[in-house]
Amino acid sequence: MKQSLRRIGLVARREFMAAVMNKGFVIGLLLMPAIIGLLIAVFPLVSSRNVPAVRGEVAVVDPTGQVAGALRTALTAEAITARRRDSAMRALQNTPAVVRDAATSPTAIARTVGAAPALTILERTASADLQREKQWLTEPVAAGGLRHLALIVVQPNAVIASAPAEYGSYELFIPENIDDRLETELYDAIRESLVAARIRAHNLNRNEVEAVMRVRRAASVTVAAGAERQTNVAFNRMLPFVFAGLLVFGVTIGGQTLLTQTVEEKSNRVIEVLLSAVSPIELMAGKILGQMAVSMLVLAIYIGLGLVTLMSFAMLGLLDPLLIVYLIVFFLISYLLFAAVFSAVGAAVNEMREAQSLMTPVMLLLMAPWMFATVIGREPNSAFSVALSFIPPVNTFAMMIRLGSATPPPIWQVLVTMVVGLAAACAVTWFAAKVFKVGLLMHGKAPDMATLMRWAREA
Amino acid sequence: MQPALELRNLRKTFGATVAVEGMDLVVPRGALYGVIGPNGAGKTTCIRMIMSILFPDSGELSVLGRRSALEAKDRIGYLPEERGVYRKMKVGAFLIYMAELKGLAAEDAAARVPRLLQEIGLPGIEGKRCEDLSKGMLQRVQFLAAVIHQPDLLILDEPFSGQDPVSVRVLREHILGEHRRGATVLLSTHVMAHAEEMCQHVVMIHQGRKVLDEAMAGLRRQFDPRIIYFEPLDENATASSLDETATASSLDAHATASGLAANATASSLSAVIGVERVESLDGSYRITLIPGTDPAGMMPRLAAAVAPARIELARLRLEDVFVRIVTEGSRSQVASEALRASVTAGAEGVLA
């Protein structure tokens, strides 16, 4: 037993060192944070800077005669810029103070707002031919000329209701390939113009109406035992997905390396040399443990980076440390299950190409939690979410999303998830070990699922 | 003392194919055994069962007194037929890793590696990656991985396959060195000449069954080839194939002065009592004796008949023994030649 554990340890150590002392690993490890950092740093620059302002004409058919004027005002560059600024400020409302301060500096805001479009409003008569106006949208424009960007047709009862509280609206026609942002801005401007026209038509005081309608949204405060803290909506919303993502990422990185290395050992015929020194089960156990250490290292680095980020934004208090413990426990369970499958597939095939067909269902299972992530995140205690928490292999991922939510599940459900997950992992490992044992020395035709089942029976 | 290896009635099938059937074998401690047979005979399957890499369908085995090689892995050195290395690993690290898996402390292994590499003719390559070595060098490294922990039992499956003559010679010396150290050696090869040169005892396997289990000394007695190679002192003596019945026609066909001399030599040799047939072999003669004739007694008589430059009793060839055993009962020349071809296939070019 002692010798056996020693051999498992030696195999695990070699697996770990072979993976970690590899340039590819270091590059892979740094790649994701580097990409995220790059996106954070570069995206605002490339998305806002030097974007040429949209220039063009917007035709308005206004039978009420009360909207077009307001629309002309609402679509001036100044009005659009003001709306963009308000929108950016609203989006930053729930971000940490450090981020908010940085993002609302005059330079940052100017970069976010960008260059406002220069729109020319063309008022058409109420009796204008709609078909002809639509054709105007598709007419070619001479080089340097103004593009025909939109046709707005205000309905006759859009300002004065035809029946009590039955207001009409408007129609918006646009050519192909119009920017989403411009379209949104047209909607906002039309809405603002219609509301303004209606207020005027009813002789209401706009300021009073707006004051009546305005309710400041308070930032909620999370009350915990012995402490209160500002609730961070964005943080709470993101947290479950970050944890589930780490779980999937950790399992995938370890499993994939395990698969690749086992296939490589088999194809370069080192397997039989190893089998003269260790049993197949010792070999499999060593490989799984070695790669588990690799995944744990990756997770530790990413969690560490996350904690440092939270600390630097003075948000560390928002994170429940127990979540990290749960992440590690669920990672171990999920990893054991998937790693056993990855190693069995690696032992069964002769080259990576052959592994693809066997890996497709495994990868689908691994990705399945993402399909349900939004549903679980929105209603973490619905019957569906609870049921998923008990069905392996997605149970650990589902539970991780639930645990990260604002309304975490009761502890008994967490324990059931652990027990069910562990039982499934043991069963899968038992099956995988049999396939691993037989598959290692099999060469030739790539096996299918039926072959793997037969091997498991024969082993 | 218990034998190093004992197999009792082992059987192994793969689907409908019977790979090994009724295999009994006892290898005493300290012996050097050769397991021979053509490709696909069942040698590797047998060895894999001994190593507990495969498990028999039925039968029993003991390895170094244990019921399974799994219980004695640290005392066994194994060089499989399908052998590889971690290509990116350095030679020293690979050897230390294998030694550690075999129970050696890392420090002891690290101390042994440079000495062993030196002894096998690869000094100073510890720091090289395995992928940077030539095939011959790599095979020597693989051999070291099998013996670095000084095993009690060394099992070598086709150790010379794909090796150049220099590597074969180096490896052969080291295998014999391991044997002299006291290790029991079980050597599998389809190149029977290797077994002839090295082994004390050979086991022949054909179609999954053992067809011979005999000491080389006994084999030499039992399968006496009755062939003597004779080179006359007179260099002009040459002749085509002759035998006692064909002598007259052959003499007519080669009526030259040297031909006459050669025929005279062949006739003289054929005339010696106990000679069954004389064949010419480009300047020398191959003399087949009548069954039951004592070759040692014949040699002075042949030398008396024709003055020899060289006279030599043919060595036993396992290939001949194998063919004779397997084709015994069926006198089909075609079957015999086909079998000989299968035995020698792949052997050419690897003989040192």
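Residues numbered from 1 in each chain as written. Chains lettered and ligands numbered in written order. Predicted model: local features only at pLDDT ≥ 70, side-chain atom pairs only at ≥ 80, totals over all residues.

### Details of the overall build of chain A
Along its length, chain A carries 18 helices and 6 strands. Across chain A, contacts joining residues at least 24 apart in sequence account for 77% of those joining residues at least 6 apart. (Helix = DSSP H or I, 4+ residues; strand = E, 2+ residues; numbered from the N terminus. Contact = placed C-beta atoms within 7 Å.)

### Points about the overall build of chain B
Across its full length, chain B carries 12 helices and 13 strands. The proportion of buried residues among the 352 residues of chain B is 40%. A sequence separation of at least 24 residues applies to 68% of the contacts in chain B between residues at least 6 apart. (Buried ≥ 20, exposed ≤ 12 C-beta atoms within 10 Å, placed from the backbone.)

### A short note on the sheet that holds strand β3 (residues 147-154) of chain A
Residue and element names in this part refer to chain A. The strand order β2-β1-β3-β4 describes an open sheet built from 4 strands, whose pairing is mixed. Single-partner strands in this sheet number two, and they are β2 (118-124) and β4 (170-173). For this sheet, the mean inter-axis angle between neighbouring strands, taken without regard to orientation, is 20°. Here strand β1 (residues 55-61) runs beside β2; their pairing, made up of 7 bridges, is parallel. Bridge pairing links V61 to R124 in β2. Most of the contacts of helix α7 (residues 130-138) go to β3, to which it runs at about 155°, and overall it touches β1, β2, β3 and β4. (Pairing = 2+ DSSP bridges. Axes fitted to C-alpha atoms, helices over the stretch in contact; angles between N-to-C directions.)

### What to know about the packing of helix α4 (residues 77-91) of chain A against helix α6 (residues 106-113) of chain A
All names here are of chain A. Look at α4 against α6: their axes get within 9 Å of each other, and the N-to-C directions meet at 115°. By the angle between their axes, α4 is roughly perpendicular relative to α6. In this structure, the crossing between α4 and α6 has a hand that is right-handed. On α6, the residues that touch T81, R84, R85 and A88 of α4 are I109, T112 and V113. Here the residues of the contact of α4 with α6 sort into 3 nonpolar, 2 polar and 2 charged. (Parallel < 35°, antiparallel > 145°, perpendicular 65-115°, else oblique. Left-handed = near helix turned anticlockwise from the far one by under 90°. Nonpolar A, V, L, I, M, F, W, Y, C, P; charged D, E, K, R; others polar.)

### Considering the interface of chain A and chain B
With 15 residues of chain A in contact, the opposing surface of chain B contributes 20 residues. Per-element tally for the side of chain A that touches chain B: the top contributor is helix α1 (residues 2-20) of chain A, with 4 residues.

### With respect to helix α17 (residues 411-439) of chain A
Helix length check: α17(A), at 29 residues, gives a terminal C-alpha distance of 41 Å against a target of 42 Å (1.5 Å per residue), a fit within 8%. A:T417, A:G421, A:A425, A:T429, A:A432, A:A433, A:K434, A:V435, A:F436, A:K437, A:V438 and A:G439 are the residues of α17(A) that are buried. (Expected span 1.5 Å × (residues − 1).)

### Points about unusual backbone geometry
Residue and element names in this part refer to chain A. That bond from P392 to P393 is cis: its omega, 0°, falls within 30 degrees of zero. Relative to the helices and strands, P393 resides in the loop between α15 (383-388) and α16 (395-404). With a phi angle near 60°, N177 is a residue other than glycine that sits in the positive phi range. Tracing the sequence through the fold places N177 in the loop between β4 and α8 (180-201). Here the phi dihedral of R269 falls at roughly 65°; this positive angle occurs in a residue that is not glycine. The partly exposed category is assigned to R269, around which 15 C-beta atoms lie within 10 Å.

### Quick look at the sheet that holds strand β1 (residues 5-14) of chain B
All names here are of chain B. The strand order β2-β1-β4 describes an open sheet built from 3 strands, whose pairing is antiparallel. Among the strands making up the open sheet, the edge pair consists of β2 (17-27) and β4 (58-63). Across the sheet, the mean angle from the axis of one strand to that of its neighbour is 20°, orientation sign disregarded.

### Some words on the environment of B:E126
Residue and element names in this part refer to chain B. If you trace the backbone, E126 turns up in the loop between α3 (106-119) and α4 (135-147). By the C-beta count within 10 Å, which is 17 here, E126 ends up partly exposed. Considering only alpha carbons, one finds E126 and V113, 13 residues apart in sequence, at a separation of 7.7 Å. Not counting chain neighbours up to four residues away, the residues in contact with E126 comprise K90, V91, G92, V113, P114 and L117.

### Remarks on helix α13 (residues 321-348) of chain A
Counted at 1.5 Å a residue, the expected span for α13(A) with its 28 residues is 40 Å, and the 41 Å between its end C-alpha atoms agrees. The buried count for α13(A) comes to 20 of 28 residues, which makes it a mostly enclosed element.

### Some details on the pairing of β2(B)
All names here are of chain B. Of the strand pairs in this sheet, β1 and β2 are connected by 7 bridges, and their pairing is antiparallel. Looking across to β2, one finds that K12 is bridged to V20. Where β1 hands over to β2, the hairpin turn is made up of 2 residues, of which G15 adopts a positive phi near 65°.

### Re the nonpolar core
Judged by nonpolar contacts, the single largest core of 147 residues is most densely connected at A:L247, A:V345, A:M400, B:I50, B:L95 and B:I155. Top contributing element to this core by residue count: α13(A), with 17 residues. Sequence-distant contacts of B:I50, that is, excluding residues within four places in its chain, are made with B:L5, B:L61, B:V63, B:A69 and B:I155. Counting 24 residues, the second-largest nonpolar core is a separate cluster that includes A:A74, A:L149, A:V153 and A:V154. (Core = buried A, V, L, I, M, F, W, Y, C linked by C-beta atoms within 7 Å.)

### With respect to the packing of helix α12 (residues 280-312) of chain A against α13(A)
Residue and element names in this part refer to chain A. Their axes nearest at 10 Å, the elements α12 and α13 cross at an angle of 140°. Considering how the two elements wind past one another, α12 and α13 form a crossing that is right-handed. Counted together, M284, K287, I288, Q291, M292, S295, L299 and I303 of α12 and I324, F331, Y335, A339, A340 and S343 of α13 form the full contact between these two elements. A breakdown of the residues in the contact of α12 with α13 according to their chemical character gives 10 nonpolar, 3 polar and 1 charged.

### Here's the deal with the confidence of the model for chain B
All names here are of chain B. Summing up the model confidence of chain B, the mean pLDDT is 83 and the portion of residues at 70 or higher is 84%. For the stretch residues 237-251, pLDDT sits under 50, and the model shows 34 contacts to residues farther than four places along the chain or on other chains. Per-residue pLDDT stays below 50 along residues 346-352; that stretch engages in 14 contacts with residues further than four places along the chain or on separate chains. In the predicted complex, the global pTM is 0.70; the interface-specific ipTM is 0.71. (pLDDT = per-residue confidence, 0-100.)

### Concerning the environment of A:A387
Tracing the backbone shows A:A387 in helix α15. When the C-alpha atoms of A:A387 and A:A398 are compared, they prove to be 9.3 Å apart, with 11 residues separating the residues in sequence.

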